[in-house]
Every structure is written in structure tokens, then in C-alpha cells.
Amino acid sequence: MSEAFGGSGRLPAAFMSPGTSSFVDFLSAVSPDRLPGRSDLPQGGSGAHLTPEATTIVAMTFPGGVILAGDRRATSGNVIANRDMDKLFRTDEFSAMAIAGAAGIGIELAKLFQVELEHYEKREGRPLSLEGKANRLATMIRSNLGLAMQGFVVVPLLVGYDESRSEGRIFSYDPVGGRYEEHRYHSIGSGSVYARGSLKKLYREDLTETDAALAALQALYDAADDDSATGGPDVYRKIYPLIDVVTDEGHRRMAAAEVEELAETVVTGRTERPDGPTAPVR
Amino acid sequence: MSMPFYVSPEQIMKDKADYARKGIARGRSAVVLQYDGGILFVADNMSRTLHKISELYDRVAFAAVGRYNEFENLRLAGVRFADMHGYTYDRSDVTGQMLANAYAQTLGAVFTDSNKPWEVEIVVGEVGETSDTDQIYRITFDGSVVDEHDFLAMGGSAERVTTALRERYVKGAPLAEALDAAVHALAHENGEQRELEAASLEVAVLERSRPHRKFRRIQGDRLVRMLEGARAAGKGSPAGPRSPEGGAGAD
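All figures in this text were calculated on a predicted structure; none of them were measured in a lab. (Residues numbered from 1 in each chain as written. Chains lettered and ligands numbered in written order. Predicted model: local features only at pLDDT ≥ 70, side-chain atom pairs only at ≥ 80, totals over all residues. Heavy atoms only, no water.)

Engineer: Please clarify how the side chain of B:D180 should be interpreted in this entry.
Structural biologist: Residue and element names in this part refer to chain B. Tracing the backbone through its elements, the reader meets D180 in helix α5 (residues 175-186). Relative accessible area serves as the criterion here: at 10%, D180 is assigned to the buried category. Polar side-chain contacts of D180 include one of 2.7 Å to the side chain of R168. Contacts of D180, omitting those with residues within four sequence positions, involve R168, A230, R231 and G234. (Helix = DSSP H or I, 4+ residues; strand = E, 2+ residues; numbered from the N terminus. Buried < 20%, exposed > 50% of the residue type's maximum accessible area, 1.4 Å probe, protein only. Polar contact = N/O pair within 3.5 Å; in protein donor to acceptor, adjacent residues only side chain to side chain. Contact = heavy atoms within 4.5 Å.)

Put into C-alpha cells, the structure is as follows:
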């Protein structure tokens with residue numbers, strides 16, 4: 001594979017140097033062209049139309065863990081580019097991330113982050129702390145700033161189970177690499193405003209995992225209701241939002257059948273009350 | 001200036017090989033064997049943090065004996081190599097064979113090019129979909145690769161350990177039985193018969209049924225419980241610890 005391996009087939013000297021435990025740092029030293037967003041782009045004009053946009057993501061903590069849910073739609077302008085996209089990524093045993101914004105770059109970023117965490121864990125013999133993971137992702141977003149300024153903005157949402165605190169945590173980012181810890185719930189993407197309004201009314205401290213998943217689906221439904229770029233549950237094609245759960249037992253993708261059942265509950269509920277469940281006024 | 005004495009290439013290679021063998025023989029042994037659910041790695045290792053057995057990639061693990069700094073260097077390089085390949089192509093494209101080749105080339109080059117050969121012997125194991133597709137490669141200090149099956153021992157007194165392992169090894173045995181065979185074999189190192197405890201063993205498996213990354217360490221209370229189970233499994237078999245001459249459990 002490529003220049004780094006030319007000739008003898010023995011492991012190149014760069015591979016044998018003690019150096020860093022960061023895969024990103026190693027790659028930028030040995031083969032920087034493999035990193036996302038390292039190529040020079042022509043100045044002027046936005047290239048944002050070149051890759052579809054990933055839309056709404058919601059995350060919510062519940063006692064003992066955290067839940068991450070995303071709709072399935074990707075859009076290019078007014079066109080639906082993809083209706084069954086997976087925007088959630090298991091990054092390691094105790095964390096997951098989701099992306100909103102330029103899909104092509106976001107997926108690459110998630111893949112790289114996944115390798116970064118695993119690489120560190122294998123080299124050091126222990127995983128990074130959740131804080132460490134969150135900070136690492138911030139640096140990686142920052143390195144995408146050049147592309148972000150040309151329209152390829154990627155914003156991730158990181159969730160994880162913090163073993164030292166025994167609780168689920170949520171981290172959001174801005175395109176510059178600013179890292180913000182969110183409490184209780186958060187949403188990102190084009191429909192996030194509507195989703196957050198919905199979560200605000202539905203969130204309770206004592207939600208069970210299933211109820212948290214249901215609340216996330218309600219929030220995504222509300223986002224899809226008002227934002228054209230967010231996809232709602234597609235009952236005819238059987239395409240439903242995806243849900244990842246991270247608890248002390250690790251990461252788990254909620255089974256399709258389980259999500260389908262919850263989504264059907266939401267859809268059925270909306271036939272009677274199209275605006276969804278009400279919250280008490282006082 | 002005096003001219004150096006002429007030394008024949010055969011002699012140089014022989015001296016290097018002897019040097020490497022002596023270095024490897026000073027260390028404790030490690031064994032690798034297949035069981036019904038994957039591949040088991042067991043090393044005689046007092047340290048809980050300086051590992052002889054490690055994960056390289058999803059389905060691939062690494063075990064080594066000899067000089068720590070040298071095999072640790074190989075391990076780290078292997079992790080970089082595997083991660084880079086998997087990132088560039090796909091996770092399923094990283095294979096044990098690829099890593100074994102890279103290690104063989106590296107060790108071979110070191111052996112011929114430098115004055116001091118590396119005093120290491122390593123194993124790259126890859127767990128497949130079925131036990132028939134499991135792969136175990138043994139790479140020695142001079143870069144030769146051997147495709148091994150069923151079980152192997154390396155390190156200090158590999159021959160003795162192999163003989164002891166052959167007595168107990170049963171093809172397709174469950175994990176407890178395989179662990180018993182491994183511990184029995186390691187206890188026969190240097191002709192002595194020791195009682196190995198959890199604290200002096202490093203145990204890990206490549207578990208076929210595990211999702212994502214198949215490598216898992218077995219340590220702490222879990223190892224203690226498993227060793228008890230293994231001893232019980234060993235006593236039940238025809239070749240119990242009391243009668244090592246009782247014949248192998250299979251064939």
C-alpha cells in the first residue's frame with residue numbers, strides 16, 4: 001500500500017518509532033493525504049452543494065445511560081439525497097457519535113475518530129477517559145475549520161457512558177472546535193430547534209430507557225413535522241429513526257423491531273393528536 | 001590498521017542464531033491453542049501491565065516471548081500497520097497473514113542486516129468464521145514463518161512445553177479444557193512441575209462469537225474462577241494432573 005510501504009515489505013521505520021499514540025498524528029506525519037479535509041480547495045465560492053447535508057440528531061440522558069437518535073434523511077438543497085442514511089456511529093464500547101452537516105466529511109470524520117480511540121486503547125492498554133475522547137474530537141473538528149469556512153460545516157454530537165462517574169454524558173461542538181458539555185438533553189442539525197422544544201417538554205429525570213427512546217422519537221417526529229430536511233418515520237418503506245443506547249453494559253444499537261414498535265406508537269398517537277403529547281401547563 | 005579476520009557467512013549466521021536462541025530461552029514460555037470457540041493465548045507472565053499478549057485488530061492478536069522492548073516495538077508497529085490498512089480500505093481487509101508477512105520481512109531484515117538479531121519469537125493469530133479458517137502464524141527471530149495448526153508453544157523450553165501440551169490437547173475442546181491443557185503445559189517448563197496461579201498467568205482469547213473486536217483478556221476474579229473450572233475439567237479427563245502418563249484425551 002502506497003509510498004510508505006515501497007520496496008522490501010518490511011515495516012517502515014516510521015512505524016517502528018515510539019512516537020505518539022494518536023492515530024491522527026501518526027497519519028499526518030506519514031501519509032497526510034489520507035486525512036479528511038487536508039487537501040487545498042480553490043478559493044471563493046461555496047462547495048457545500050457537493051455533498052448532502054445530514055440533518056437532525058437528538059440525545060438524552062436517563063438514569064444509568066444515554067440515548068442517541070437520528071433521523072434517516074440526507075438532503076442536497078431541495079432534493080432528498082438519501083432516505084435511509086445512518087448518521088450514528090459506535091465509536092467504542094462506551095461512546096457513540098452522530099453527525100449533522102456535510103455528510104461526506106462527517107462520515108469520514110466519524111470513521112477516523114473511531115480508529116483514533118481504538119488505536120489509543122490498543123497502544124496504551126487502556127481506553128481514553130470520556131473527557132479525553134471529547135477533547136480529542138474537538139481537536140479533530142478544529143482541523144476541519146478550513147473546509148468549514150468554505151461551506152463544508154460538520155458538527156458532531158458525542159455521547160458516552162462515563163465509568164468514573166457512572167452516568168451518561170453529552171458533548172456538543174461548534175464548527176471551530178469549541179466543546180460544550182450538555183446536560184439532560186440536546187439536539188443538533190437543521191431540525192434541532194423543533195426537536196429541542198419538544199424534548200424540553202417531554203424530558204423527565206426518571207425516564208426509563210424505553211421511555212427515553214420514545215421521547216427521542218417524538219422529538220424527531222416534531223422536527224420532521226416542521227423541518228423539510230428532517231425525515232419522519234416512513235411507515236410504508238419501513239424506514240425508522242435509528243437509536244443507539246450507551247450504558248454501563250456498553251454500546252447497543254436498539255433492535256429494528258423495537259424501534260419500529262415505538263415508532264408505530266408515536267405515529268398512531270399522532271393520528272389522534274397530530275401535535276403530539278401535551279405537557280401540563282402547571 | 002590490521003585487517004579483520006575472515007569469518008564465513010555461515011559462521012556469522014550461526015552465531016547470530018545461537019545468540020537469539022539463547023536470549024529467547026532465558027524467558028518464560030507462552031502457548032497458543034485453538035478451542036471450540038476461538039483461539040486461546042496463555043503466557044507465563046508475572047506482570048499485570050507489561051503484556052506478552054495483545055490485540056492487533058478485530059480478529060487478530062499477537063503473542064510474543066523474548067526481549068520485551070523488541071517485541072513491544074513490533075507490536076506497536078503492527079497496531080499502526082493494521083489500523084492504517086483498515087482505515088484506508090476496510091476493516092475486513094486486515095488479515096493475520098498480512099501482519100505475519102510484515103513481521104517476517106522486518107525480522108528477516110534485522111537478522112541479516114544488523115549485528116544483533118532480535119531475541120524474539122512471535123505469534124500472530126487470526127480467528128475465522130469457523131475453526132477451519134483460524135490461522136496461527138509463528139514467526140521466529142530470523143524471519144521464517146510457520147503456519148501452525150491446533151497448538152504451539154514458544155519460549156524458554158518450548159519442546160518440553162509442547163510435549164506436555166500434546167498430552168492434554170484435545171481438538172475442539174471447550175475453553176475450560178483448553179485452559180487446563182495450557183496451564184498443565186506451562187507448569188512443565190524447565191522440567192519442573194510448578195503450580196501456576198492466576199497471578200502469574202496472562203490469559204486472553206480471540207472469541208469467534210464476539211461482535212466487533214474479538215480479543216478479550218481474562219483476568220482477575222474471572223481468571224481465578226476459570227482456572228478452578230479448568231482444574232475440574234482436567235481432573236475429569238483421562239489425563240488428570242495426578243496421572244500425566246495416563247495418555248492423551250483424544251486420538
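Let us keep going from here.
Engineer: What should I look at first to understand the pairing of strand β12 (residues 242-247) of chain A in this one?
Structural biologist: If a strand is regular, its side chains alternate between the two faces of the sheet. Residues and elements named next belong to chain A. The element β12 is largely enclosed, with a buried count of 6 among its 6 residues. A two-sided burial pattern is seen for β12, the buried positions comprising L242, D244 and V246 on one face and I243, V245 and T247 on the other. As judged from the 6 bridges shared by strand β3 (residues 65-70) and β12, these two strands associate in the antiparallel manner. Pairing of L68 across the sheet is with D244, part of β12. (Pairing = 2+ DSSP bridges.)

Engineer: Help me understand the environment of B:S54, please; the structure alone is not making it clear to me.
Structural biologist: Residues and elements named next belong to chain B. Residue placement: S54 occurs in strand β3 (residues 53-57). Considering only alpha carbons, one finds S54 and R217, 163 residues apart in sequence, at a separation of 8.6 Å. In contact with S54, other than residues within four places in its own chain, are A61, F62, R75, F215 and R217.

Engineer: For this particular structure, what's the right way to read the sheet that holds β3(A)?
Structural biologist: The strands making up a sheet associate through hydrogen bonds between their backbones, and the pairing can be parallel or antiparallel. All names here are of chain A. Taken in spatial order, the 5 strands of this open sheet run β11-β2-β3-β12-β13, and their pairing is antiparallel. Either end of the sheet is taken by a strand with one partner, and the two such strands are β11 (185-188) and β13 (250-253). Averaged over neighbouring strand pairs, the angle between their axes works out to 15° when direction is ignored. As paired strands, strand β2 (residues 57-62) and β3 are joined by 6 bridges and run antiparallel to one another. Note that in β3 the partner of V58 across the bridge is A69. Strand contacts of helix α6 (residues 192-202): β2 and β11, with the helix running at about 165° to β11, the strand carrying the most contacts. In the packing of helix α7 (residues 209-226) onto the sheet, the strands contacted are β2, β3, β12 and β13, and the crossing angle to β2 comes to about 155°. (Axes fitted to C-alpha atoms, helices over the stretch in contact; angles between N-to-C directions.)

Engineer: What exactly am I supposed to notice about the sheet that holds strand β5 (residues 120-126) of chain B here?
Structural biologist: Residue and element names in this part refer to chain B. Spatially, the 5 strands line up as an open sheet ordered β3-β4-β5-β6-β7, and their pairing is antiparallel. At either end of the open sheet lies a strand with only one pairing partner, and these are β3 and β7 (145-148). Here the strands of the sheet are splayed against their neighbours by 25° on average, with no regard to which way each runs. With 5 bridges joining them, β5 and strand β6 (residues 135-139) adopt antiparallel strand pairing. Bridging from a neighbouring strand, V124 pairs with Y137 of β6.

Engineer: How do you make sense of the packing of aromatic side chains when you look at a structure like this?
Structural biologist: Geometrically, a pair of aromatic rings is defined through the distance of the ring centres and the angle of the planes. Taken as a whole and assessed by the stated rule, the structure comprises 9 aromatic pairs over all chains. Consider the rings of A:Y185 and A:Y203, whose centres lie 5.4 Å apart with planes at 50°: the pair is tilted. Of the two residues, A:Y185 is situated in strand β11 and A:Y203 in the loop between α6 and α7; the sequence distance between them amounts to 18 residues. Of the two residues, A:Y185 and A:Y203, both sit in the buried class. Here the aromatic rings of B:F151 and B:Y169 are separated by 4.9 Å at their centres, their planes lie at 50°, and the arrangement is tilted. Of this pair, B:F151 sits in strand β8 (residues 151-154) while B:Y169 sits in the loop between α4 (158-168) and α5, and the two are 18 residues apart along the sequence. (Phe/Tyr/Trp six-rings, centres within 6.5 Å; stacked < 30°, edge-to-face > 60°.)

Engineer: Looking at this structure, how should I read the nonpolar core?
Structural biologist: For soluble globular proteins, the rule of thumb is that nonpolar side chains tend to be buried together. One finds A:M97, B:L74, B:Y103, B:I122 and B:I139 to be the most contacted residues of the largest nonpolar core, which totals 63 residues. Residue contacts for B:Y103: discarding those within four places in its chain leaves A:L11, B:L56, B:F62, B:L74, B:R75, B:G78, B:I122, B:V124 and B:I139. One finds B:V31, B:V42, B:L186 and B:I218 within the second-largest nonpolar core, a separate group that totals 29 residues. (Core = buried A, V, L, I, M, F, W, Y, C linked by side-chain atoms within 4.5 Å.)

Engineer: Teacher, can you tell me more about the packing of α6(A) against α7(A) here?
Structural biologist: Axes are the key here: two packed helices are described by the angle between their axes and the distance separating the axes. Residues and elements named next belong to chain A. At a minimum axis distance of 8 Å, the contact between α6 and α7 shows a crossing angle of 145°. Crossing geometry of α6 relative to α7 is assigned as right-handed. Contact with α6, carried on its side by Y194, A195, S198, L199 and L202, involves A215, Q218, A219, D222, A223 and D226 of α7 and no other residues of that element. Its residues assigned to classes, the contact of α6 with α7 shows 7 nonpolar, 2 polar and 2 charged. (Left-handed = near helix turned anticlockwise from the far one by under 90°. Nonpolar A, V, L, I, M, F, W, Y, C, P; charged D, E, K, R; others polar.)

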